[in-house]
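# Geometric and topological summary
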Amino acid sequence: MKIESNYSLEQHNTFHLPVKARWFMEYTNEEELGRILRDEYFQECLSLHIGSGSNLLFINDYNGIILHSKIKGMELIESTDESITLRVGAGEIWDEFVAYAVAQGWGGIENLSLIPGEVGAAAVQNIGAYGVEIKDVIVEVETYNQLTFEKRIFSNAECLYGYRDSYFKNPHNDPHIVTHVTFRLSKQPRFVLQYGNLEKELAGCEELTPLAVRKAVIDIRRRKLPDPAELGNAGSFFKNPIIPREQFERLKQANPNIPAYPAGEDAVKVPAGWLIEQCGLKGKSFGPVGVYEKQALVLVNLGGAEGHEIALAAESVREAVRQRFGIELMPEVQYIG
Ligand code: EPU
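Since we're looking at a predicted model, the values are computed, not measured. (Residues numbered from 1 in each chain as written. Predicted model: local features only at pLDDT ≥ 70, side-chain atom pairs only at ≥ 80, totals over all residues. Heavy atoms only, no water.)

### Quick notes on the packing of helix α3 (residues 94-103) against helix α6 (residues 210-224)
Close contact between α3 and α6 brings their axes to 9 Å; oriented N to C, the two are set at 145°. Each of D95, V98, A99 and V102 in α3 lies in contact with α6, whose residues at this interface are P210, L211 and R214. When grouped by side-chain class, the residues that make up the contact of α3 with α6 number 5 nonpolar, no polar and 2 charged. (Axes fitted to C-alpha atoms, helices over the stretch in contact; angles between N-to-C directions. Helix = DSSP H or I, 4+ residues; strand = E, 2+ residues; numbered from the N terminus. Contact = heavy atoms within 4.5 Å. Nonpolar A, V, L, I, M, F, W, Y, C, P; charged D, E, K, R; others polar.)

### Overview of the side chain of H180
Mapping H180 onto the fold places it in strand β12 (residues 176-186). A relative accessible area of 9% means that H180 is categorised as buried. For H180, the side chain forms a polar contact with the side chain of T179, separated by 3.3 Å. (Buried < 20%, exposed > 50% of the residue type's maximum accessible area, 1.4 Å probe, protein only. Polar contact = N/O pair within 3.5 Å; in protein donor to acceptor, adjacent residues only side chain to side chain.)

### As for the pattern of salt bridges
Per the counting criterion, the structure on display carries 16 salt bridges. Close ionic contact of K282 with E277 constitutes a salt bridge, the shortest N to O distance being 3.1 Å. A residue is classified by how much of its surface remains accessible, and K282, at 29% relative accessible area, is partly exposed. Sharing partners across several salt bridges, the network here consists of E315, R318, E319, R322 and E328. (Salt bridge = Lys/Arg side-chain N within 4 Å of Asp/Glu carboxyl O.)

### Some points on α6
When the terminal C-alpha atoms of α6 are compared, their 21 Å separation across 15 residues agrees well with the 21 Å that a helix rising 1.5 Å per residue should span. Turning to α6, its buried residues number three or more, namely P210, A212, V213, R214, A216, V217, I218, I220 and R221. If you follow the buried residues of α6, they end up packed against α3, β8 (128-129) and α5 (198-201). (Expected span 1.5 Å × (residues − 1).)

### Thoughts on the sheet that holds strand β5 (residues 62-69)
Across the sheet, which stays open at both edges, the 4 strands sit in the order β1-β2-β5-β3 with mixed pairing between neighbours. The open sheet is flanked by β1 (2-8) and β3 (47-50), the only strands paired with a single partner. On average, each strand axis in the sheet is inclined to that of its neighbour by 25°, with strand direction left out of account. Where strand β2 (residues 20-27) meets β5, 6 bridges bridge the pair, whose relative direction is parallel. By the bridge assignment, Y27 is partnered in β5 with S69. The sheet strands contacting helix α1 (residues 30-38) are β2 and β5, and the helix crosses β2 at an angle near 140°. (Pairing = 2+ DSSP bridges.)

### Some points on the site of the ligand
Around the ligand sit 24 residues, and of these Y130, Y163, E277, Q295 and A296 come closest. In the complex, the protein chains occlude 83% of the 810 Å² of accessible area that the ligand would expose alone. Elements with a contribution of two residues or more to the shell around the ligand: β8, α6, β13 (232-236) and α8 (272-278). Ranked by residue count, the leading element in the shell around the ligand is α8, at 3 residues. Its residues assigned to classes, the shell around the ligand shows 11 nonpolar, 6 polar and 7 charged. (Near = heavy atom within 4 Å. Areas by Shrake-Rupley, 256 points an atom, 1.4 Å probe, with all protein chains shown as cover.)

Note that every value here comes from positions in space, so none of it alone points to a role or purpose.
Here it is, written out as structure tokens:
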């Protein structure tokens, strides 16, 4: 177990904000986690469990305890002719798991290549890309209830997954810390290639394999999305808004080229990146905060930005979209503080 005080979080948030935590605690197994949670001092303090901080915006220093999982391991649970079931520690790096699975020829998560973050947080956030969401391959999620200290295994259905949403994100539920996630991957993969230009990217490909799809996804992402190691960012800053079909039809009359994805019978999902670009904000900056030049849905730290400056820039973007389209953008990124 690692316990540090007055700890810099600069390497624990992908905006690279130089904020500090009063305490930072890192555990490597469930026993250590249990000990931390039962500690009286812990119970009196404000606390926040983080993954790799790839979806967080710290507005200021964190006056409490930051918890981080180092629970590792990928354990084989079952192997049949069709599928393989694996139990993975919440502290594993998501993309290392994807790379490992793809190298074995196991399919199901190749479209989720290169998404920053760790396995536990990925299951909380229901990460998604190129027509696939992590919920499509999750069997169950093992958790520790932070208030009652009970362990509970959530079936996929009990996780109540939605678009970038789950039971674990609902503040009305008891806080649950994810310790392990069990995945079922396919040995006879059926690929999901309909999204965007993925199929086009694979046009010259001789044999369609999880590895080939991973490579294509990585190439697309590298062209569009900034590498957090070089330019601080948290991926998509906003969720793609889901609007009533009626409103969409009106928008389409005025903007015939508006892209859209189905979202149930009476609703349509509209790309926030497109809305922001139409407001003329792509590549623009608000002081040290930029709207990324190749993907307007991403806000970047151009250097030395502080959390409140990023929040202010996000507000300006929301206001512009509200004025122009009457649509309210909601952050995908979680604000802390
Ligand atoms: N678009 C623009 N201008 C832009 C950006 C996008 O016009 O600046 C248009 C594109 O031309 C396209 C549409 O918007 O028609 C969708 O763009 P893209 O395929 O890049 O995907 P997105 O909707 O902007 C979502 C996810 C991404 C994920 C991609 C690919 C959300 C909030 N974001 O972005 O996830 O990688 O699809 O599947 O759902 C993340 O969550 O951090 C993330 C990067």
